[in-house]
Amino acid sequence: MSRVLAQRWQWYAASGQLKDMAARTLLLKLQERRLITLPERRRAPVIRAPRLNRELFDSVFPEPINAELSTLRPLQIHVVGPKQAYYHLFEEYLARHHYLGYSGPVGENLGYLIRSCAGVDLACVLFGAAAWQCAPRDRWIGWSAEQRARSLPFIANNSRFLILPWVRAPHLAGYILSQIARRIDADWQRRYHHGICLLETFVQQDRFRGVCYQAANWIRVGQTTGRTRQSRRHRDNRVHACCKDIYLYPLSSDGCRQLCQ
């Protein structure tokens, strides 16, 4: 049903891929709100989680890396994806070591595995779809709800940033962010056939200070309220999530104008 719906609406991504999952999500939300009734499922949905190589991670204890940034450069920055090299290693690092875990990509996304000049793994960075609504960000951009709906795909959200736990190198995190900012528009263009204008991220205040984003010239524009989609759905003003600082990084001097066109 979702495929037929997407085909009849001519609902395709810029890459030409049918937006089957988006149509399926829409149908499920309409049923949840009792606006339509879907037929019974023929089979249970498959939840695809990263396959952790527990034998590898339980048996290998990397030597601590304490180094100056200059000894690690030039960094090797590898774009990773489900059909590309290093992807399973990237998944395992995030699932095992990132405090939010990792259950696999959703929608348009771009991952990077960062290695030293000698080929030693240092970090993982993941970008994905932007938040649908974020009042401080939306005020900073200055767009209308209609403009946001049209241009949101041109914002990428830095949803995961992991310096591997055994790596200690001053200024490495900020340097990685600055290097990725120089290339991510072209990388996104190659994968999805459209560029991006703005990067965003949300930094949990009780865990991090956002120093690496500040060092890479990201702009703090405010903080979240702690309310979530569930708060809006149930008209509940209680806080359901940790407050986070909101950082933005425009990829060009006229990024806001492009988003508002």
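See the structure shown above.
In what follows, the accompanying structure is described. (Residues numbered from 1 in each chain as written. Predicted model: local features only at pLDDT ≥ 70, side-chain atom pairs only at ≥ 80, totals over all residues. Heavy atoms only, no water.)

### Quick word on the overall build of the chain
Next up, step 1: Helix and strand content of the chain: eleven helices and nine strands.
Next up, step 2: Counting only contacts in the chain whose residues sit at least 6 apart along the sequence, the fraction spanning at least 24 positions is 69%.
Next up, step 3: Here the chain displays about 16,100 Å² of accessible surface, and carbon together with sulfur accounts for 51% of that area. (Helix = DSSP H or I, 4+ residues; strand = E, 2+ residues; numbered from the N terminus. Contact = heavy atoms within 4.5 Å. Areas by Shrake-Rupley, 256 points an atom, 1.4 Å probe, with all protein chains shown as cover.)

### Topic: the nonpolar core
Next up, step 1: L75, Y112, I114, F127, L172, I176 and I184 are the most contacted members of the largest nonpolar core, which totals 46 residues.
Next up, step 2: Per-element tally for this core: the top contributor is helix α8 (residues 172-192), with nine residues.
Next up, step 3: Listed in part, the twelve residues of the second largest apolar core include A130, C134, I141 and I246. (Core = buried A, V, L, I, M, F, W, Y, C linked by side-chain atoms within 4.5 Å. Buried < 20%, exposed > 50% of the residue type's maximum accessible area, 1.4 Å probe, protein only.)

### What to know about the pattern of salt bridges
Next up, step 1: A complete count under the given rule lists ten salt bridges for this structure.
Next up, step 2: We note a salt bridge from D138 to R148, for which the minimum N-O separation is 3.6 Å. Residue D138 is found in helix α6 (residues 135-141), and its partner R148 is found in helix α7 (residues 145-151); the two are separated by ten residues along the sequence. Summarising the burial analysis for this pair, D138 and R148 share the class buried. (Salt bridge = Lys/Arg side-chain N within 4 Å of Asp/Glu carboxyl O.)

### Remarks on the environment of P136
Next up, step 1: Note on placement: P136 falls in helix α6.
Next up, step 2: Residue P136 is classed as buried on the basis of its relative accessible area, which comes to 13%.
Next up, step 3: Sequence-wise, P136 and Q223 are 87 residues apart; in three dimensions their C-alpha atoms are separated by 7.2 Å.
Next up, step 4: Other than its neighbours up to four places away in sequence, P136 contacts V221, G222, Q223 and I246.

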